[in-house]
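Residue-level listing of the chains:
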Amino acid sequence: MKKQLLLGSMALGMISILGTSCAKETTTYDDVKSIIDAKCATCHSGSTPAAGRDYTTYAGLKPVLTDATLFTKQVLDDKTMPKNGSLTSDEINKITAWKDNGYAE
Ligand code: HEC
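Residues numbered from 1 in each chain as written. Predicted model: local features only at pLDDT ≥ 70, side-chain atom pairs only at ≥ 80, totals over all residues.

### Here's the deal with the packing of helix α2 (residues 29–39) against helix α5 (residues 89–100)
With their axes 10 Å apart at the nearest point, α2 and α5 run at an angle of 140° to one another. Of the possible angle classes, the one that applies to α2 and α5 is oblique. In this structure, α2 meets α5 at a crossing whose hand is left-handed. Residue-level contacts link Asp31, Val32 and Ile35 of α2 to Glu91, Lys94, Ile95 and Trp98 of α5. (Axes fitted to C-alpha atoms, helices over the stretch in contact; angles between N-to-C directions. Helix = DSSP H or I, 4+ residues; strand = E, 2+ residues; numbered from the N terminus. Parallel < 35°, antiparallel > 145°, perpendicular 65-115°, else oblique. Left-handed = near helix turned anticlockwise from the far one by under 90°. Contact = placed C-beta atoms within 7 Å.)

Structure follows, in structure tokens:
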């Protein structure tokens, strides 16, 4: 009986540890891909994107991420992108978290 109680509380302990570690600590391209698809892909995708680059792959986006005057400036600082649109504060927070993680793939 005592053993069962001990096992039971250990199991509960495990569940609470698992519960907290489920919260993602790092934001990667996968986490923002849905925002890119929804808010940028109309102009920034396909073989001949209107804006010249395909951002729906990490490889296509990478050149503008490493240049501080492009992605960071236009999307987070000046908010000139998305052109003719806007991002919700939730989306901006997600992209900011991605930036803080070094725009990891
Ligand atoms: C309505 C079309 C449209 C949408 C939607 C759009 N863009 Fe753009 N984007 C453009 C065009 C066109 C340019 C070229 C420069 C200009 O005309 O301002 C551009 C340029 C850029 C640039 C500068 C890079 C370069 O090569 O000049 C970045 C970075 C960028 N867009 C990011 C984004 C992101 C991120 C999103 C989504 C959050 C987005 N854009 C949504 C049309 C769009």
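### A closer look at the environment of Val32
Among the structural elements, Val32 can be located in helix α2. Note on Val32: 19 C-beta atoms within 10 Å, which makes it partly exposed. For the pair Val32 and Lys94, spaced 62 residues apart in sequence, the C-alpha separation works out to 6.9 Å. For Val32, the residues in contact, after removing those within four places along its chain, are Lys94, Ile95 and Trp98. (Buried ≥ 20, exposed ≤ 12 C-beta atoms within 10 Å, placed from the backbone.)

### Section: α5
For α5, built from 12 residues, the straight-helix expectation of 16 Å at 1.5 Å per residue is met to within 8% by its first-to-last C-alpha distance of 16 Å. Of the residues one or two after α5, Gly102 is the one with positive phi, at around 75°. (Expected span 1.5 Å × (residues − 1).)

### Observations regarding unusual backbone geometry
Omega for the bond connecting Met81 with Pro82 falls within 30 degrees of zero, at 0°, which places this linkage in the cis form. Along the chain, the position of Pro82 falls in the loop between α4 (71–77) and α5. Phi angles above zero are rare outside glycine, and Lys79 is one such case at about 55°. Lys79 gets classed as exposed once you count the C-beta atoms within 10 Å, which come to 12.

### Some thoughts on the site of the ligand
Lining the immediate environment of the ligand, one finds 19 residues, of which Cys40, Cys43, Ala51, Met81 and Pro82 sit closest. If you tally residues by element for the shell around the ligand, the top one is α4, at three residues. Classifying every residue of the shell around the ligand by side-chain character gives 10 nonpolar, six polar and three charged. (Near = placed C-beta within 6 Å. Nonpolar A, V, L, I, M, F, W, Y, C, P; charged D, E, K, R; others polar.)

### Thoughts on the nonpolar core
The biggest cluster of nonpolar side chains holds 12 residues, and these are Ile35, Ile36, Cys40, Tyr55, Leu61, Val64, Phe71, Val75, Met81, Ile95, Trp98 and Tyr103. Going through the elements one at a time, α2, α3 (58–66), α4 and α5 are the ones with two or more residues in this core. Residue contacts for Trp98: discarding those within four places in its chain leaves Thr27, Asp31, Val32 and Tyr103. (Core = buried A, V, L, I, M, F, W, Y, C linked by C-beta atoms within 7 Å.)

Keep in mind these values describe shape, not function.
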